[in-house]
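# Examining the three-dimensional arrangement
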Amino acid sequence: MTTTLESDIDDLWNRYDDGLTATDANADDRRTLDEFLDALEAGEVRAARKTGDGVDSWEANEWVKRGVLLNFGLRETERREYGGVGYYDVLPLRETEDLEARGARNTPDGTVLRRGAHLGDDTIMMSPSFVNIGAYVGDGTLVDSCDTVGSCAQLGENVKLGANTLIGGVLEPVEDAPVIVEDGVSLGAGCRVTSGFRVGENSIVGENTLLTPRIPVYDLVEEEVVYGHLPENRRAFTRFVESSVSDHDLFDGGAYKPAVVATDVETETLEATQREDALRE
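What counts, and at which threshold
Residues numbered from 1 in each chain as written. Predicted model: local features only at pLDDT ≥ 70, side-chain atom pairs only at ≥ 80, totals over all residues. Heavy atoms only, no water. UniProt positions renumbered as here; feature names shortened; annotations may be inferred. Helix = DSSP H or I, 4+ residues; strand = E, 2+ residues; numbered from the N terminus. Expected span 1.5 Å × (residues − 1). Buried < 20%, exposed > 50% of the residue type's maximum accessible area, 1.4 Å probe, protein only. Arc of directions from axis to C-beta. Contact = heavy atoms within 4.5 Å. Axes fitted to C-alpha atoms, helices over the stretch in contact; angles between N-to-C directions. Parallel < 35°, antiparallel > 145°, perpendicular 65-115°, else oblique. Left-handed = near helix turned anticlockwise from the far one by under 90°. Pairing = 2+ DSSP bridges. Phe/Tyr/Trp six-rings, centres within 6.5 Å; stacked < 30°, edge-to-face > 60°. Lys NZ or Arg CZ within 6 Å of the ring centre and 35° of its normal.

The name an unreviewed UniProt entry assigns to the chain is 2,3,4,5-tetrahydropyridine-2,6-dicarboxylate N-succinyltransferase, from the organism Halobaculum marinum. In its Sequence similarities (unreviewed entry) section, the UniProt record describing the chain reads: "Belongs to the transferase hexapeptide repeat family."

Quick look at the structure:
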């Protein structure tokens, strides 16, 4: 099915590139778009794939991102209703009847799953929280209150997002890989992971840490500075390092810029994180 669907999306993209509009799209075109969204929700297709062993080997699935973009470009905005509230969008919200059989939980009044989002088995969504189109939330993952999982973001299994955490999304350009959070990662409250940053498996990130490719990661394990990813099995937290504009005439004292420091995950840190699992049984 995936090969046929990829071919259909590629054909539709070429026609869209040649000027096909939402008004011109026919019933077969819309059927292809719906089948694509169904495949995303089932986890059969994903917006990125891992091509090697390291966390830095993730690459975008360009045809999948094109399929997501087509669902905006070839649909009209229309009035919709959910829970007695009217709203306007090109897509309806995702149906959630499948969640019970798979042990997933979402609390009322504010857990929003957009069409084309995958929610794995035994996942938990606390309200308010939002998972956007193309996002993949792996089995056993917790999306806590005030969390946002952006378009095409890929979260692994048994990930913990602390409250008020932002996982950034990406739609264009189609070559750009989305944010990746691998299996077993724990992000503290208030973290921000943006611009295609990749977090290696079993890492634990302290609260209010900003992870973005523009901020250096000082990896004290390998004694190197890396950008764009956090290696696996790290404990990471924000620190400030001296900025190159420290000696400026307009202000007194030093100037500092944010950085991330990464060390080995300590046994005590792992044990404290694992104790939280009891709250989710």
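Glancing now at helix H1 (residues 2–17). Each α-helix turn comprises 3.6 residues. Residues three or four places apart therefore point the same way. Between its first and last C-alpha atoms H1 spans 22 Å; for 16 residues at 1.5 Å apiece the expected length is 22 Å, and the two agree. For H1, the full list of buried residues reads Leu5, Ile9, Leu12 and Trp13. Seen from one end, H1 has its buried residues packed into an arc of 105 degrees, which puts them on one side. Across H1 from its buried face, at more than 90 degrees, point the exposed residues Thr3 and Thr4. Tucked into the core, H1 has its buried residues touching helix H2 (27–42) and helix H3 (62–73). Positive phi shows up at Gly19, right after H1, with a value of about 120 degrees.

Glancing now at the packing of H2 against H3. The N-to-C vectors of H2 and H3 enclose an angle of 125 degrees; their axes lie 10 Å apart at closest approach. Classified by the interaxial angle, the pair formed by H2 and H3 is oblique. For the pair H2 and H3, the sense of crossing is left-handed. Contacts between H2 and H3 involve Leu33, Phe36, Leu37 and Leu40 from the former and Trp63, Val64, Gly67, Val68, Leu70 and Asn71 from the latter.

This paragraph deals with the pairing of strand E3 (residues 78–82). Put simply, side chains in a regular strand alternate between the two faces of the sheet. Note: E3 against strand E4 (residues 85–89), 5 bridges, orientation antiparallel. Each residue of the ladder has a partner; that of Glu78, found in E4, is Asp89. Linking E3 to E4, which pair antiparallel, is a turn of 2 residues; within it Gly83 sits at a positive phi near 60 degrees.

Packing of H1 against H2 brings their axes to within 10 Å, and their N-to-C directions diverge by 130 degrees. Judged by the inter-axis angle, H1 sits oblique to H2. Note on packing geometry: the crossing formed by H1 with H2 is left-handed. The segment H1 lies against H2, with Leu5, Asp8, Ile9, Leu12 and Arg15 engaging Asp29, Thr32, Leu33, Glu35, Phe36 and Ala39.

The subject of this paragraph is the pairing of strand E26 (residues 256–264). The pairing of strand E22 (residues 217–219) with E26 spans 3 bridges and is parallel. Within the sheet, the bridge partner assigned to Asp219 lies in E26 and is Ala262.

Let us look at unusual backbone geometry. A cis amide bond links Ser127 with the next residue in sequence, Pro128, at an omega value of -10 degrees. Take Pro128: it is sitting in the loop between strand E8 (124–125) and strand E9 (129–131). Note that the residue after Glu172, namely Pro173, is joined by a cis bond; omega there is -5 degrees. Within the secondary structure, Pro173 is located in the loop between strand E15 (166–167) and strand E16 (180–181). The phi angle at Ser195 is positive, at roughly 55 degrees, despite the residue not being glycine.

Strand order in this open sheet of 10 strands is E5-E8-E11-E14-E17-E20-E25-E26-E22-E23, and the pairing throughout is mixed. A strand with exactly one partner marks an edge of an open sheet, and here the two such strands are strand E5 (105–106) and strand E23 (224–226). Direction of pairing for E8 relative to strand E11 (residues 142–143): parallel, over a ladder of 2 bridges. Residue Ile124 lies in a different strand from E11, and its bridge partner there is Leu142.

A separate point is the packing of aromatic side chains. Using the criterion set out here, one finds 2 aromatic pairs in the structure. Both rings, one in Phe36 and one in Trp63, keep their centres 6.1 Å apart while their planes meet at 65 degrees; by these two values the pair is edge-to-face. You can see Phe36 sitting in helix H2 and its partner Trp63 sitting in helix H3, a full 27 residues away along the chain. The positively charged end of Arg46 is found above the aromatic ring belonging to Tyr136, 3.7 Å away from the centroid.

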